[in-house]
Amino acid sequence: YGRAEFHDERIPTLAEVAAILPADVAIALELKTDRFLEPDVCRALVAELERTGIRNRTAVLSFALPRVLAVQAVAGDIPAAWITLSRAWPLAGVQLLGPFWPLLLLNPLYVWIAHRRGQIVCPLDPTPDHRLWWYRLLRCDAVLTDNPEATCRRLGRRR
C-alpha cells in the first residue's frame, strides 16, 4: 500500500502523539471507521485520552456524523465536529462545523448562523492561502488545511 519511500513509516500511537503535543495545543482526531459506532470502541478511546492527559483538549471529527455522536454519547464533554462536502446549512447538535469551502459561497450566512448558535466554523480547504482574506471577512474561527505550517506562515504566525 502507498509509495515505496514510505514503506517503513508507521502511524504513531495516540500516546506517542500526546507525549510530543505542546501543552497549549489542542488535537482534533478524525474518526475514519464505523468501529466508532461501537460503544466499547468509544469508551476505549475516551480511556486513552484520559490516560494520556489530553482529554480536555481533544475534539473528534468525521465526515460521518453518527461516529462523532457515538463518542459524545459516551463522553458528552468531548467536542464533536462534523465535516460536510454537501450541506450548505449549518447542522445543529455539534460544537464544530467543517463545511467544504465552496459551501460558504453558496451560503455566505453559514458562519453567522452557526455563530448565533454558539458553534465554531472551520472550513475544509486543502489549499486556503488565497482565500484567507475571505475567511477573515466571514469571521471563520479556523481553517482545516492540508498544510497548517504553510497556512500559518501565510497568516504571519510562527511556531
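Structure report, in brief. The structure displayed is predicted, hence computed values, not measured ones.

Conventions and cut-offs
Residues numbered from 1 in each chain as written. Predicted model: local features only at pLDDT ≥ 70, side-chain atom pairs only at ≥ 80, totals over all residues. Heavy atoms only, no water. Helix = DSSP H or I, 4+ residues; strand = E, 2+ residues; numbered from the N terminus. Rg over C-alpha atoms; globule rule 2.2 N^0.38 Å. Buried < 20%, exposed > 50% of the residue type's maximum accessible area, 1.4 Å probe, protein only. Areas by Shrake-Rupley, 256 points an atom, 1.4 Å probe, with all protein chains shown as cover. Lys, Arg positive; Asp, Glu negative; His and termini not counted. Charge placed at Lys NZ, Arg CZ, Asp CG, Glu CD. Disulfide = S-S within 2.5 Å. Salt bridge = Lys/Arg side-chain N within 4 Å of Asp/Glu carboxyl O.

## Examining the overall build of the protein
When helices and strands are counted, the protein shows seven helices and five strands. Going residue by residue from the N terminus, the α and β elements of the protein occur as α-β-α-β-α-β-β-α-α-β-α-α. Taking 2.2 N^0.38 as the reference for a compact globule, 159 residues should give roughly 15 Å; the C-alpha atoms of the protein span a radius of gyration of 17 Å, in line with that estimate. In the protein, which comprises 159 residues, the share counted as buried stands at 40%. In the structure as shown, the protein presents an accessible area of about 10200 Å², 57% of it carried by carbon and sulfur atoms. Looking at the protein, you have 20 positive and 17 negative side-chain charges, and the mean spots of the two groups are 8 Å apart.

## Quick look at the state of the cysteines
The term disulfide refers to a covalent linkage connecting the sulfur atoms of a pair of cysteines. Under the defined criterion, the tally for this structure stands at zero disulfides. In this structure Cys-152 is a free cysteine whose sulfur lies 13 Å from that of Cys-122, the closest cysteine sulfur available.

## Focus on the pattern of salt bridges
This structure, assessed with the given rule, holds eleven salt bridges. With its nearest N and O atoms 3.0 Å apart, the salt bridge here joins Arg-35 to Glu-38. Owing to a relative accessible area of 47%, Arg-35 belongs among the partly exposed residues under this scheme. Judged by relative accessible area, Glu-38 falls into the partly exposed class, the value being 35%.

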